Amino acid sequence: MLELAILGLLQEASMHGYELRKELTAKLGAIRAAFSYGSLYPTLRRLQAAGWIAEAAETPATAEEVPALTSRRGRVVYTITAEGKERFAQLIAQTGPETYGDSGFGVHFAFFSRTDQATRLRILEGRRRTIEERREGLRDMLGRAAERLDAYTLELQRHGLEACEREVRWLEELIANERSGRAPTVPQEGTAGGRREDNSPPPPGESRKERP
């Protein structure tokens, strides 16, 4: 999935490794984009060896762009090739179990604007089935083992069940939008105290606490 994310970002603009890491965080969220340099740079080298990306140039690195305890050497800028664009098109069109899991779904969803409607719908329906199965498993476990769980473990399982129920509702709304040809709605600013009323679901595979 890191391969898909890198190729997708490089289609938007050429970047060096540190920029890619920042954009991954912005695009996918801090948890899902917590890729270490140990995984990012080997993937970049692999993509380069495959001919899907190329080195564009080296530019001087500033103090703000260099992580702590690393040298301020020139930055290698990566750009996507024509073959890389073809590879991205292949990856973005894929559906299957790997696109329904937490990380796979999150990366594909981040690039839904460049995915055709039929593929988006298949991925959303597959994700809904996955979360419904997870929800039913939690319900079954709570029904059979609730009395044997301590209070904190029980609360954790209930929290997971609530997160699944929220995500199923969110997915059902997205699926209905796709079938009707509508894009997801963007929450509007609330009138109470000038704050946004945020009833949005958590990111795929995550949960959220009640917000003030």
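Residues numbered from 1 in each chain as written. Predicted model: local features only at pLDDT ≥ 70, side-chain atom pairs only at ≥ 80, totals over all residues. Heavy atoms only, no water.

Going by what an unreviewed UniProt entry lists, the protein is known as PadR family transcriptional regulator and is assigned to Micromonospora sonchi.

For this particular structure, what's the right way to read the confidence of the model for the protein?
Residues at a pLDDT of 70 or more form 75% of the protein, whose mean pLDDT is 82. The secondary structure element of the protein with the lowest average pLDDT is strand E2 (residues 53–59), at 79, and the one with the highest is helix H4 (residues 82–92), at 96. (pLDDT = per-residue confidence, 0-100. Helix = DSSP H or I, 4+ residues; strand = E, 2+ residues; numbered from the N terminus.)

Hey, could you run me through the packing of helix H1 (residues 2–12) against H4 in this one?
Packed helices, taken two at a time, are described by the angle between their axes plus the distance between the axes. With their axes 9 Å apart at the nearest point, H1 and H4 run at an angle of 125 degrees to one another. The angle between H1 and H4 places the two elements in the oblique class. Along this stretch, H1 crosses H4, giving a crossing that reads as left-handed. Residue-level inspection shows Glu3, Leu4, Leu7, Gly8 and Gln11 of H1 in contact with H4, the latter providing Gly84, Lys85, Arg87, Phe88, Leu91 and Ile92. Partitioned by chemical class, the residues of the contact of H1 with H4 number five nonpolar, three polar and three charged. (Axes fitted to C-alpha atoms, helices over the stretch in contact; angles between N-to-C directions. Parallel < 35°, antiparallel > 145°, perpendicular 65-115°, else oblique. Left-handed = near helix turned anticlockwise from the far one by under 90°. Contact = heavy atoms within 4.5 Å. Nonpolar A, V, L, I, M, F, W, Y, C, P; charged D, E, K, R; others polar.)

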